[in-house]
Amino acid sequence: MRLTARLTTEKKGQVSGKLPFLKEKIANHYRNDFSADITSILNRLAMDLPGLKRDLLHQAHETFGAFFEFTQSAQPISVDEHPTAESKLRILPYHHTHKFWKEQLVPSSKLLCESILRYAQALVALVNDLKQRKDAALDEQIKAVCFEVSTLAARLEEASSVLARFTAAEFPPDKVRWIEMQHFKTMINTTLVDADLDISKILAGQLFSQFSTIVLCSATLTTNQQFHFIRQRLGLTSSHLPERQIKEYIYHSPFDFQKQALLAIPTDIAEPTASSFVHDASEKIWQIIQSSRGNAFVLFTSYTMLKTCFDKLEARLKEHRFHPLKQGDDDRQTLLNKFKATNYSVLFGTDSFWEGVDVAGDALRCVIIVKLPFKVPSDPLIQARSEAITAQGGDAFMDYSLPQAIVKFKQGFGRLIRHQKDRGCIICLDTRLLTKRYGKFFLNSLPKCQQFFVPSNELQTHMQEFYRKTHFLTKTQ
């Protein structure tokens, strides 16, 4: 739908896009002196192509409706009422034997592939016919838009190929497929995903081997002070790049984390697997926000827990003149702008707020990480990659799940100190950092800073003392 809308779309009676632009240029160029072939081209732009597009969109609606219906019959899935809530059904060989798949999905998908190809081929034929006219003046006006139309046609053809592969009976061992449902306020968006399990070979061949020098830099390239995980994932290995020299360096941060940051874990909280954890976490969040006097991010790994904690705390926060903000109530940038502009704000966020968010200064002086960010084991991509690692004799948790969680944890930690004059506390409510053997790998991956692993009442004292001692930093912004 997005691709076809770039070609032509109608809003409030106004038609726009590449094809209406092309039609206007051709009509203006020849004015009323239309030859038979130009009249044919204009008729294709006015009637044939819009008709093919209508057929395509109708069939897309039918086919993707069938995919959604299949997910409900093959494995009923409940979805949160959250605007970005997702549910996924991994496609396995036995799904292809399902009666609905064979009798409804495959024929409907075939019809959609045919509709896409008819539209794409009509676009290519149109561009070719225009090129064959060899009208230099017109070519100069429409060269760019013809190129864009050809590119969009190629992308439509690729979409048809992906759909055909998705419904094919073959199951390549290096791929994983799933159907993903995303609930919005007015609709359910159904997406088909055909993903490579390992992109290291592709990156090595298509990117890293094509340039004489490539520099990769990020605050989250290492896990446990090592580059092994990222090198394996990206194909930066001697087996993939035997002729290349690969160097790695860790440079210290320009920030003084020992002075600017405090990391703490309250020891008197239930483990995340305990039934009382959500209640305990809500109370700890309230205590921490009081100590920081707001201006805090609360980062969750699931929207369900976010909503539960938010509902428990919203009235209390407002009563004490804090300003609670919740992901899903507005788009990310709007929420961030409100957070930055409003003192004593508390923003409850999930995945997208762990990274790529920059709030410098005293507008953000506390980050609360509710749980360690391990991916959901049942996620199709995580599940398939874990199976592949195990099949090759590896340890899926140590080789994949753990380093991936460490990278995400570092990203969450990195939301706080964005400037040499920033200061603040990072509080993790997950005691597995202390009780599990792998906890030291998380802690060892972070910059050296003040650390306190103490009961909540002592934690509040340490936080208040830290804010008092670092208050001078806010005066030199």
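Residues numbered from 1 in each chain as written. Predicted model: local features only at pLDDT ≥ 70, side-chain atom pairs only at ≥ 80, totals over all residues. Heavy atoms only, no water.

Student: Please set out the overall build of the chain residue by residue, giving values where relevant.
Tutor: Secondary structure assignment for the chain yields 17 helices and twelve strands. In terms of overall dimensions, the chain has a C-alpha envelope of 85 × 50 × 50 Å along the principal axes. For the chain, the exposed area adds up to about 25,100 Å²; of that, 52% sits on carbon and sulfur atoms. Each charge sign in the chain was given a centre, from 61 positive and 51 negative side chains, and these centres are 5 Å apart. (Helix = DSSP H or I, 4+ residues; strand = E, 2+ residues; numbered from the N terminus. Areas by Shrake-Rupley, 256 points an atom, 1.4 Å probe, with all protein chains shown as cover. Lys, Arg positive; Asp, Glu negative; His and termini not counted. Charge placed at Lys NZ, Arg CZ, Asp CG, Glu CD.)

Student: Outline the sheet that holds strand β11 (residues 424-428), supporting the account with residue identities and numerical values.
Tutor: Pairing within the open sheet is parallel, and its seven strands lie in the order β8-β9-β7-β10-β11-β6-β12. Each end of this open sheet is capped by a strand with a single partner; those strands are β8 (323-326) and β12 (450-454). Between one strand axis and the next, the sheet turns through 15° on average, direction left out of account. Sheet analysis places strand β6 (residues 261-266) next to β11, joined by four bridges and oriented parallel. What sits directly across from A264, in β11, is I427. Each of β7 (296-299), β8 and β9 (345-349) is contacted by helix α11 (residues 332-341), which is oriented at about 155° to β9, the strand it contacts most. (Pairing = 2+ DSSP bridges. Axes fitted to C-alpha atoms, helices over the stretch in contact; angles between N-to-C directions. Contact = heavy atoms within 4.5 Å.)

Student: Break down unusual backbone geometry for me, with residues and values.
Tutor: In this structure, R293 takes a positive phi of about 55° despite not being glycine. Within the secondary structure layout, R293 lies in the loop between α9 (277-292) and β7. Relative accessible area serves as the criterion here: at 46%, R293 is assigned to the partly exposed category. (Buried < 20%, exposed > 50% of the residue type's maximum accessible area, 1.4 Å probe, protein only.)

Student: Could you give an account of the nonpolar core, with specific residues and numbers?
Tutor: Among the nonpolar cores identified, the biggest contains 44 residues, and L19, L22, I26, Y119 and L123 are the most heavily contacted of them. Taken together, the elements giving at least two residues each to this core come down to α1 (2-7), α2 (18-30), α3 (36-74), α4 (99-132), α5 (136-167) and β4 (175-183). At twelve residues, the largest contribution of residues to this core is made by α4. By size, the runner-up hydrophobic cluster in this structure holds 36 residues, among which are V359, I369, L416 and C428. (Core = buried A, V, L, I, M, F, W, Y, C linked by side-chain atoms within 4.5 Å.)

Student: So, the packing of α2 against α3: which residues are in play, and what are the values?
Tutor: If you want to describe how two helices pack, look at the angle between their axes and the distance between the axes. Put simply, α2 and α3 touch, their axes get as near as 11 Å, and they point 155° apart. Classed by the angle they form, the pair α2 and α3 counts as roughly antiparallel. Here the hand of the crossing between α2 and α3 comes out left-handed. For the pair α2 and α3, the contacting residues are L19, L22, K23, I26, A27 and Y30 in the first and I38, I41, L42, L45, A46 and L49 in the second. (Parallel < 35°, antiparallel > 145°, perpendicular 65-115°, else oblique. Left-handed = near helix turned anticlockwise from the far one by under 90°.)

Student: Tell me about the confidence of the model for the chain, and please be specific about residues and values.
Tutor: A residue-level look at the chain finds 97% of positions with pLDDT of 70 or above and a mean pLDDT of 90. This model gives residues 76-84 a pLDDT under 50, and the stretch forms 24 contacts once residues within four places in sequence are excluded. (pLDDT = per-residue confidence, 0-100.)

Student: Tell me about α9, and please be specific about residues and values.
Tutor: Here α9 contains 16 residues, and its C-alpha end-to-end distance of 22 Å stays within 8% of the 22 Å for a straight helix at 1.5 Å per residue. In the stretch just after α9, R293 is the one whose phi turns positive, near 55°. (Expected span 1.5 Å × (residues − 1).)

Student: If you had to explain the environment of S302 to someone new, which residues and values would you point to?
Tutor: Considering the arrangement of structural elements, one finds S302 in the loop between β7 and α10 (303-319). For the pair formed by S302 and V376, sequence separation is 74 residues and the distance between their alpha carbons is 9.4 Å. Here M305 takes part through its backbone nitrogen, which lies 3.2 Å from a polar atom of the side chain of S302. (Polar contact = N/O pair within 3.5 Å; in protein donor to acceptor, adjacent residues only side chain to side chain.)

Student: Tell me about the side chain of S345, residues and numbers included.
Tutor: Tracing the chain through its elements places S345 in strand β9. Taking relative accessible area as the criterion, S345 reaches 1% and is therefore assigned buried. The contacts of S345, once residues within four sequence positions are left out, are G294, N295, A296, H323, L325, K338 and F339.

Student: Summarise the packing of α2 against α5; cite the residues concerned and give the values.
Tutor: Running from N to C, α2 and α5 point in directions that differ by 160°, and their axes come no closer than 10 Å. Between α2 and α5, the interaxial angle falls into the category roughly antiparallel. Both α2 and α5 take part in a crossing whose hand is left-handed. Between α2, through K18, L19, F21, L22, K25, I26, H29 and Y30, and α5, the contact on the second element is made entirely by A137, L138, Q141, I142, V145, C146, E148, V149 and L152. Here the residues of the contact of α2 with α5 are counted per class, giving twelve nonpolar, two polar and three charged. (Nonpolar A, V, L, I, M, F, W, Y, C, P; charged D, E, K, R; others polar.)

Student: Go over the pairing of β7, please, and point to the residues and values.
Tutor: Because side chains alternate across β7, one face comprises the buried residues A296 and V298, and the other comprises F297 and L299, equally buried. Pairing between β7 and β9: four bridges, direction parallel. Counterpart to L299 in the pairing with β9 is G349.

Student: Before we move on, could you go through the side chain of R44 and cite the residues and values that matter?
Tutor: Tracing the chain through its elements places R44 in helix α3. When sequence neighbours within four positions are dropped, the list of residues in contact with R44 reads L49, P50, A125, L126 and D129.

Student: Outline the pattern of salt bridges, listing residues and values.
Tutor: Any two side chains of opposite charge can pair, on the condition that their charged atoms come close. Considering all chains together, one arrives at 25 salt bridges under this definition. The partner of K307 in a salt bridge is D311, and the shortest N-O contact between them spans 3.3 Å. Of this pair, K307 and D311 both sit in helix α10, four residues apart, which is roughly one turn of that helix. The class for K307 is partly exposed, based on a relative accessible area of 39%. (Salt bridge = Lys/Arg side-chain N within 4 Å of Asp/Glu carboxyl O.)

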